Amino acid sequence: MLIYAKQPVQYIIKNYPNKIKTLYLAKELEKKEYSRLMKMNFEVKRIPADAAGKMCKNANHQGILAEVDDYELHPFNSFLDKDFVLILSGLTDVGNIGAIVRTAYAMGVEAIVACGINNLNLEPVMRTSTGALFDMPFALEHNIHNVINDLKTSGFCIYGADMGGTDIRDVKLKQKRALVLGSEGEGLTSRITSKLDEVVSIKMSHEFDSLNVSVAGAILMDRMRI
């Protein structure tokens, strides 16, 4: 995995230096910082700015890139003893998913399972999560209905986000809870909604169509903390 830009790379250097294979520098650092990095247990290479640009397809690398270990997906059944699980139904936008991962970690979500997609490119998810993906147990499961059934059998109350649901502030939350977020375009299907224990929503002060899924998810995750 190639990670670039100051914030995600610095986060991984601080929290997961053992996952870094090679650190690439396309800018000058203070001598003290460079000396510190050289003493760490990974290779440090200086490269020209144009080479760095080619590596990340001319994205904004801010002069620092890192080749890190691939993220290892977790088995979904290891989530059944958690208290707060997030289910992503058909989400495909890696920017949204990365933002959701970062927020979920900050809001105390213990695991995330992405459903309804066969493959997910985790490299951009790692970047947009600012490295927080390494902190979050993450699983891929194709069939969301099996996921919901397994969670229910394990004592979870399943909440799903929909504009027509009960205001989340009025919901009495259960200790073992899972929040389902629908896809960016379609939301939750009626078949999924029929399996939920409760449909929840965010009451807004002004009339508005909808919130971006990562923004709505952040609000709901915060209000579902116990």
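All of these numbers come straight from a predicted model, not from anything done at the bench.

Caption draft 1: Layout of the overall build of the chain. If you tally the helices and strands in the chain, you get eight helices and ten strands. Structurally, the chain occupies a C-alpha span of about 55 × 40 × 30 Å along its principal axes. Once local pairs closer than 6 in sequence are excluded, the contacts in the chain between residues at least 24 apart make up 75%. Of the roughly 11,700 Å² of accessible surface on the chain, 46% is carried by carbon and sulfur atoms. Side chains of the chain carry 27 positive and 27 negative charges; the gap between the two charge centres is 6 Å.

Caption draft 2: Looking closely at the pattern of salt bridges. Considering all chains together, one arrives at seven salt bridges under this definition. Between Lys45 and Glu43 there is a salt bridge, and its shortest N-O distance comes to 4.0 Å. For Lys45, a relative accessible area of 34% puts it in the partly exposed group. Under the relative-accessibility criterion, Glu43 is labelled partly exposed at 40%. Lys152 is the partner of Asp197 in a salt bridge, and the nearest nitrogen-oxygen pair spans 3.8 Å. In this pair, Asp197 is assigned in the loop between α7 (190-193) and β10 (198-201) and Lys152 in helix α6 (residues 144-153), connecting sequence segments 45 residues apart. Relative accessible area serves as the criterion here: at 33%, Lys152 is assigned to the partly exposed category.

Caption draft 3: Structural context of the packing of helix α4 (residues 94-106) against helix α8 (residues 213-223). It is at 9 Å that the axes of α4 and α8 come closest, and there the two elements cross at 15 degrees. Judged by the inter-axis angle, α4 sits roughly parallel to α8. Crossing of α4 against α8: the hand is right-handed. Residues Asn96, Ala99, Ile100, Thr103 and Ala104 of α4 touch α8, and the partners they reach there are Val213, Ser214, Ala218 and Met221. Taken together, the residues that form the contact of α4 with α8 break down as six nonpolar, three polar and no charged.

Caption draft 4: Here's a closer look at helix α1 (residues 6-15). Taken together, the buried positions of α1 are occupied by Pro8, Val9, Ile12 and Ile13. End-on view of α1: buried residues confined to an arc of 135 degrees, all on one side of the axis. The secondary structure elements touched by the buried residues of α1 are β1 (2-4), β2 (20-25), α2 (31-38), β4 (64-68) and α5 (122-128).

Caption draft 5: Representation of the pairing of strand β6 (residues 111-115) in the model. The element β6 is extensively covered by neighbouring structure, given that five of its five residues are classed as buried. Burial of the side chains of β6 extends over both faces: Ala111, Val113 and Cys115 are buried on one face and Ile112 and Ala114 on the other. Crossover connection from strand β5 (residues 84-89) via α4 to parallel β6: handedness right-handed. The pairing of β6 with strand β7 (residues 138-141) spans four bridges and is classified as parallel. Looking at β7, one finds that Ile112 is bridged to Phe138. Viewed along the sheet, the connection from β6 through α5 into β7 turns out right-handed.

Caption draft 6: Up close: the packing of aromatic side chains. Enumeration according to the criterion identifies three aromatic pairs in this entry. Both rings, one in Tyr16 and one in Phe134, keep their centres 5.4 Å apart while their planes meet at 45 degrees; by these two values the pair is tilted. A residue pair is termed long-range when its members are at least 10 positions apart, and Tyr16 in the loop between α1 and β2 and Phe134 in the loop between α5 and β7 qualify at 118 residues. There is no split in this pair, since Tyr16 and Phe134 are both buried. Seen in terms of ring centroids, Tyr71 and Phe134 are 6.4 Å apart; in terms of plane orientation they differ by 40 degrees. Their pairing is tilted. Separated by 63 residues along the polypeptide, Tyr71 in the loop between β4 and β5 and Phe134 in the loop between α5 and β7 bring together distant segments of the chain. Across this residue pair, the class does not change: Tyr71 and Phe134 are buried. Above the ring of Tyr34, the side-chain terminus of Arg46 is found at 4.2 Å from the ring centroid.

Calculation criteria
- Residues numbered from 1 in each chain as written.
- Predicted model: local features only at pLDDT ≥ 70, side-chain atom pairs only at ≥ 80, totals over all residues.
- Heavy atoms only, no water.
- Helix = DSSP H or I, 4+ residues; strand = E, 2+ residues; numbered from the N terminus.
- Contact = heavy atoms within 4.5 Å.
- Areas by Shrake-Rupley, 256 points an atom, 1.4 Å probe, with all protein chains shown as cover.
- Lys, Arg positive; Asp, Glu negative; His and termini not counted.
- Charge placed at Lys NZ, Arg CZ, Asp CG, Glu CD.
- Salt bridge = Lys/Arg side-chain N within 4 Å of Asp/Glu carboxyl O.
- Buried < 20%, exposed > 50% of the residue type's maximum accessible area, 1.4 Å probe, protein only.
- Axes fitted to C-alpha atoms, helices over the stretch in contact; angles between N-to-C directions.
- Parallel < 35°, antiparallel > 145°, perpendicular 65-115°, else oblique.
- Left-handed = near helix turned anticlockwise from the far one by under 90°.
- Nonpolar A, V, L, I, M, F, W, Y, C, P; charged D, E, K, R; others polar.
- Arc of directions from axis to C-beta.
- Right-handed = clockwise from strand over helix to strand, strands pointing away.
- Pairing = 2+ DSSP bridges.
- Phe/Tyr/Trp six-rings, centres within 6.5 Å; stacked < 30°, edge-to-face > 60°.
- Lys NZ or Arg CZ within 6 Å of the ring centre and 35° of its normal.

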